[in-house]
Amino acid sequence: MIIDCHCHAGKGDGLTGPWDTAAPLAAYLRRAAAAGIGQTVLMPTFHSDYAQANRELAQLLAAYPDRFLGFAFVHPVRDRGRVWPLLRGAVERYGFVGVKVHRADARISREVCEAALDLGLPVLYDVMGEVEVVELLAQEYPDVDFIVPHLGSFADDWRAQQALLDPLSRHPNIYADTSAVRRFDLLAEAVQRAGPGKLLFGSDGPWLHPGVELAKIRALRLSAADERLVLGGNLLRLLGRGRPAERASANLKSVAAPAAAAGRGR
Ligand SMILES: [Zn+2]
């Protein structure tokens, strides 16, 4: 099944642009169905209260549990001190399976990373071109999986996207999504250098057309097995890896190696 790893839904409470106003899904769902997309990861729009935005999105997740997965939005500064309870509630009460952070709100924080580590959640962090932070995230939180949307830049910043390819290739916990990437050769190079296991198909719907975004993946002309990874296999692996029980046993293994034991506290 094809899974779109990046789509917004719900109402924002701003009025700046589509991103904080509204993300209606009717057209997206028609287009996704026509393209053969069977499941979609939803995240809220920008909002001044992510506890509320996540709660509202949870109603959609509960109504269509087979169609949608959810990533909970948190604001690293505004939610400081309550990120962990906010995310734990999102996971346990509403079934969210990942975290969304956007640098337009604030830069990602240790508090967010540590909550994600503890709860076993992947983090989709829009770096807005600031790709160098990926080095720090990869080294400080090797047991958290980070998805960098738009290959590092929704704004089509070629330098940022090019610069992401190196850390994407070197760090096992750094992934990228394909949404809104216009320079096709960079997608091709990402697969070639980092491998099909490091790219996730995403549309950034409902604002971008999921069929158009999916066509870019088809145009990569991957083998059937590699294409399946990009179109959902990688995401499912990340979510599986995120289960607390598996995470705990992975941590035990790392503690068993004496050199790694020192720095691996929670
Ligand atoms: Zn987005």
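Residues numbered from 1 in each chain as written. Predicted model: local features only at pLDDT ≥ 70, side-chain atom pairs only at ≥ 80, totals over all residues.

With that out of the way, let us pick up the overall build of the protein. Within the protein one finds 12 helices and nine strands. Whereas a compact globule of 266 residues would reach a radius of gyration of roughly 18 Å, the protein reaches 17 Å, a difference of no more than 12%. Across its three principal directions, the C-alpha atoms of the protein cover 50 × 40 × 35 Å. The buried share of the protein, taken over its 266 residues, is 42%. Contacts in the protein between residues at least 24 apart in sequence constitute 72% of all its contacts with a sequence separation of at least 6. (Helix = DSSP H or I, 4+ residues; strand = E, 2+ residues; numbered from the N terminus. Rg over C-alpha atoms; globule rule 2.2 N^0.38 Å. Buried ≥ 20, exposed ≤ 12 C-beta atoms within 10 Å, placed from the backbone. Contact = placed C-beta atoms within 7 Å.)

Turning to the sheet that holds strand β6 (residues 123–126), a few remarks are in order. Here we have nine strands laid out as an open sheet, ordered β2-β1-β3-β4-β5-β6-β7-β8-β9, and mixed in their pairing. One side of each edge strand has no neighbouring strand; the edge strands of this open sheet are β2 (22–23) and β9 (199–200). Where β6 lies against strand β7 (residues 146–148), two bridges are found, and the strand directions are parallel. Within β7, the residue paired with V123 across the bridge is F146. (Pairing = 2+ DSSP bridges.)

Among the six residues in strand β4 (residues 68–73), five count as buried, and that is most of the element. Looking at chain direction, strand β3 (residues 37–44) and β4 are connected through three bridges and run parallel. For L42, the partnering residue across the bridge sits in β4 and is G70. Viewed along the sheet, the connection from β3 through helix α3 (residues 50–63) into β4 turns out right-handed. (Right-handed = clockwise from strand over helix to strand, strands pointing away.)

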